[in-house]
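Okay, here's what each chain looks like letter by letter:
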Amino acid sequence: MAPSTSPAADLAPAPGGAPAPAPGPVATTPRARRDGDVVGLGRARAVAFVAPALVLVGVFLVFPAAWTLYLGLLDYSLTGSGAQAPVFVGLGNYTSALSDPAFAKSLYLTLLFVGGSAVLGQNVLGFSLAWYFRAAQRPVRATLSVLVLLAWILPGSVVAFLWQALLDRRNGTLNALIGTTDMAWALDHPMAVIIVFNIWRGTAFSMLLYTAALSTVPRSHLEVARMAGATRWQQLRDVVLPTVKRHILTNTLLITLWTFNDFSPYLLTGGGPNRESEVLPVYIYKEAIIGGHLGYGSAISLLLLLANLVIAVVYVRLLRTREPEAA
Amino acid sequence: MSTVAGQRRSGTGSGTVSGSRSGTGSGPGRGLGAGALRLVAGRSVMYAVVCLLVVFFALPLLWLVLTPFSPTPSYKASLSGFTLANFEDLLANPQTWPSIRNSLVLSVGSSLLVIVLAALAAYALSRVRIPGRDQLLYALLLLSSIVTGTAAMVPIFLMLFQLGLIDRQFGVVLVLSGGLLPAAVFMLKDFVDSIPRSYEESARVFGASPSQILRHVVLPVIRPGMATVGVWALVQVWGNFLVPYVLLSDPSKQPAAVVMYTFYDAGGQPNFALISTFALVYSVPVVVLYLFVNRRYGFAFQGGIKG
Amino acid sequence: MASVTLTGLVKEYPNGVRGVDGVDLQIADGEFFALLGPSGCGKTTLLRTLAGLEAATEGRIDIGDRDVTGFEPGERDVAMVFQDYALFPHMTVTDNIAYPLRIQKVGRDERSARALETAQGLSLAALMERRPAQLSGGQQQRVALARAIACHPQVFLFDEPLSNLDARLRLEARTFLKQLQKSLGVTTVFVTHDQAEALAMADRMAVMDGGRIRQVGTPREVFQRPANTFVANFIGATPMNLLDAQVVGGALDFGGFTLPVPGEGGRASAWPVAEGDKVVYGVRPEYVQCLPAPAEGAARGEVTAVENLGVSVLVTAQAGEQSVRAVVPESDEPALGDTVHLAPSSERVLLYRADGDGELIGR
Ligand SMILES: Nc1ncnc2c1ncn2[C@@H]1O[C@H](COP(=O)(O)OP(=O)(O)O)[C@@H](O)[C@H]1O
Ligand SMILES: [Mg+2]
């Protein structure tokens, strides 16, 4: 009875006459590739899987973006001399854009539109709905969420008509409802109209995302807060918001970018009256496609793109700095 | 509106009764009557707000539901009689079915392309450590929300012109797919990440080859994710106006989203009979499809962007 | 069937963690071998490296007379049951069990027949058309077993297959699995963090810590003569008493009381210790008597805790600077604050080095 008291005691020599490692399989399976690659796809095949998507995205997304940058440097038009022989004007388009009061105004309107309808409107309303739905009765929740969803998924062209009918001067539903007659909402309050419209149209995304986010808040955390005597508001502030902070940032980023590039105000107000609701995408459309000033339009596209990048970078910064706190 | 008061109230029914009994309860029982009153007030405000929201979200939809059946369709959303005559007008219009068919071609085509390419890419990105994959995904996602829309419309137009793809539905499919792919890959990768690797590992230990694992295990398991993303893409393309509007000039190739804007009579007045019925017919399929998938598989995008 | 031999096996993850850090092990043909260790000690890593799901960084793996170190998992002729069972959610029970046969290109009819045959042995025959989501935890576990059996491997690899079952099912499954393994005679490597499972089922077992093997032996050997303080502390329903002591004047000084150097028949020479040596004195609570009156070789202590274990009682007493545990019959239960005299049975005492890895002194 000599129990082994060390691992070495159990070390037996490898069975004699073991064949040399078979060369075949070893050669076809370099060791490095296996880590994390459960199917044994291999890096080459993985790249081949990703490539088609990348090519399509590269050609139809990245390349046009780069081209935008280049076109912005030309005096390029659909008609006139600029169409025959575009002249390289360097930063000319940019300087004229930056000194154009119409551009400055459009930028201001865009910020107003994004801030009012997305950052505040959709965000707050979406979160409130998600929060309310947690405890709401089923029929109420079902009704309201389906309506909100409908506003989001109906095709844009249909939605444009719906809102024209809603706001129409003579027969509009809104005027009929609140008893005003001959009130041309889209002319008198164009910015308010497109902001309210975008809240109506886009709140569903925030609502869905926050519903998913709120379901990740552990019940027990809320219960602990309740037992400590926290009010609803304190529970929200101390337990819920810290948990869903990442979701809030993600959501805000996405809806901000989407709203920044949203063309649908054009379908409601056409940018008017008197450019009172001409947000940047509409401005670009009017300059480049209608006015034919492609170079100038591209330059503004690039400025829009830069604004987006700034937002994205700020967002990533926020996400990074908040990270340790949330963890 | 304290939760303690809420529980008491639902237990006893009346604020004053439970208030008089509060001596037997613990500390917070004091002032329950006032608490219950506040609760009732809070509830009423809450209901008022909810009703307002229902009206706000429902009001624009009223027109879509009522006007197609109105004998005198206009911007007015009212129920002055009921008729199906507008639908007869729609059926008689030569543009109706071709445009719906075009919409189908564009959205089914883009959706299939997006599903196949996104599934391949999402799977590889989820399972194989490709250097820089997170940054790549992230950059693409940002780029897609930036570039789709008007910003890159001019170069896209010029590029398709050079490629000879202007006025071709294929070109529209490619452009739309390129715009949708980053988000689709992102959503699907989220989905694949949530699938335990032990499925594939177990098949692998049994000796299945990579292609067998993909066919027997991976594909069936990620099918729900693909369905969700496919429907999402379908809905996006179905409703897209700008891209086909800019890239297709031949009316016989234009989808419903664009054709709807051509239903004006000689005087420039909208033809409400056509527009309202067309809007309804054009909306229903995508709404049904979306609600179905949403109910069955839930919301695909959990906002799980990893920083 | 086949033996399994690991030689100098190392698995280092890309992040630098050594999940397996130099393991030498030989598992005999037909043996039921348990790998036991605390969570994170590298059991799963070892098993996955053995299966080929992780590539070994160093060392060599032999199954039977084949060196399989560089082989694909499918070429190693092993079957694995995962902790989450990894049943394919879209396939019926039949298709799940028959999946290995499908890979081996067995025809559909024969596949189904053989799946049914295997399933009957595990009382699954009534469930063949269900999907995994429609099965209970215990049924899923048996389907996973059936799938492993159906491919007739040389080696079974089980990664905590019982940990997702509730306590009662786990006991049943333990007996069942052991019988099944004996009747099939397939070499089995069974990973668990539950020592009761390992002790009850294994022919031989290894205790792992930090990617290394700390002891290999039969369950009895490991239980009775833990090779080092880690194993001594890890194995046992109640942890072993491990008391710091020093050899002073031919006896063990515990700081407050002394005990003789234990020895079979009182022969101190059984333990090669020298004057001044620091040692760790190990004795299981079950082998400590709790006497009311002073006795030879007993330490005086004051009862600080009494825990009911059912038919017996775990007494914790403070003796000098040491806290000593003893298991006593419930009839002898002392009261808190009582003075007791703790007498270890000297033939059950083990002495460990106080330095290094705390190995058992002597052998
Ligand atoms: N894929 C991996 N990458 C890096 N480290 C890992 C990985 N898997 C496991 N580890 C680390 O290796 C060690 C052993 O893990 P594991 O084998 O899973 O332990 P056990 O199964 O005994 O609980 C742990 O420290 C764990 O954190
Ligand atoms: Mg493990």
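Residues numbered from 1 in each chain as written. Chains lettered and ligands numbered in written order. Predicted model: local features only at pLDDT ≥ 70, side-chain atom pairs only at ≥ 80, totals over all residues. Heavy atoms only, no water.

### Quick look at the packing of helix α2 (residues 43-71) of chain A against helix α8 (residues 169-193) of chain B
- Contact geometry of α2 of chain A with α8 of chain B gives a least axis separation of 8 Å together with a crossing angle of 115 degrees. If you check the angle between α2 of chain A and α8 of chain B, you find them roughly perpendicular. In the packing of α2 of chain A onto α8 of chain B, the handedness of the crossing is left-handed. Contacts from A53, L56, V57, F60 and L61 of chain A of α2 of chain A reach α8 of chain B at L174, V175, S177, G178, G179, L181 and P182 of chain B.
- In terms of residue class, the contact of α2 of chain A with α8 of chain B is made up of nine nonpolar, three polar and no charged. (Axes fitted to C-alpha atoms, helices over the stretch in contact; angles between N-to-C directions. Helix = DSSP H or I, 4+ residues; strand = E, 2+ residues; numbered from the N terminus. Parallel < 35°, antiparallel > 145°, perpendicular 65-115°, else oblique. Left-handed = near helix turned anticlockwise from the far one by under 90°. Contact = heavy atoms within 4.5 Å. Nonpolar A, V, L, I, M, F, W, Y, C, P; charged D, E, K, R; others polar.)

### A few points about the pairing of strand β2 (residues 18-27) of chain C
- Where strand β1 (residues 4-12) of chain C and β2 of chain C come together, seven bridges link them in antiparallel fashion. The residue of β2 of chain C that forms the bridge with V10 of chain C is D21 of chain C. (Pairing = 2+ DSSP bridges.)

### Examining the site of ligand 1
All names here are of chain C.
- Close to ligand 1 lie Y13, N15, V17, P38, S39, G40, C41, G42, K43, T44 and T45.
- Within the backbone of G40, a nitrogen or oxygen atom sits 2.6 Å from an oxygen atom of ligand 1.
- Here an oxygen atom of ligand 1 sits 3.0 Å away from a polar atom, N or O, in the main chain of G42.
- With the chains in place, 61% of the 560 Å² that ligand 1 exposes on its own is no longer accessible.
- In terms of residue class, the shell around ligand 1 is built from four nonpolar, six polar and one charged. (Near = heavy atom within 4 Å. Polar contact = N/O pair within 3.5 Å; in protein donor to acceptor, adjacent residues only side chain to side chain. Areas by Shrake-Rupley, 256 points an atom, 1.4 Å probe, with all protein chains shown as cover.)

### Regarding the interface of chain C and chain B
- Facing the 25 residues of chain C at the interface are 17 residues of chain B.
- Here chain C and chain B share an interface that buries about 1800 Å² over both sides, 63% of which is from carbon and sulfur atoms.
- Considering only the surface of chain C that becomes buried against chain B, H90, Y99 and I103 of chain C emerge as the three largest contributors, covering 25% of it.
- For E72 of chain C, the salt bridge is made with R204 of chain B, and the minimal N-O distance between the two is 3.3 Å.
- Linking chain C with chain B are eight residue pairs in polar contact (both at pLDDT 80 or more).
- Mapped by element, the contributors of at least two residues to the side of chain C that touches chain B are α1 (43-51), β6 (78-81), α2 (93-103) and α4 (137-150) of chain C.
- Counting residues per element, the side of chain C that touches chain B draws most heavily on α2 of chain C, which supplies four residues.
- Across the side of chain C that touches chain B, the residue classes tally to 18 nonpolar, two polar and five charged. (Buried area = accessible area lost by both parts, 1.4 Å probe. Salt bridge = Lys/Arg side-chain N within 4 Å of Asp/Glu carboxyl O.)

### A word on the UniProt feature "domain: ABC transporter" (unreviewed entry) in chain C
- According to UniProt, the positions carrying the feature "domain: ABC transporter" (unreviewed entry) are residues 4-235 of chain C.
- With 37% helix and 25% strand, residues 4-235 of chain C has end C-alpha atoms that lie 25 Å from one another. (UniProt positions renumbered as here; feature names shortened; annotations may be inferred.)

### What about a nonpolar patch on the surface?
- Residues L177 and I178 of chain A together with V55 of chain B make up a contiguous nonpolar surface patch of about 270 Å² in total accessible area.
- Structurally, V55 of chain B can be placed in helix α3 (residues 32-66). (Patch = residues over 30% accessible without salt bridge, like charges linked within 9 Å, V, L, I, M, F, W, Y side chains within 5 Å.)

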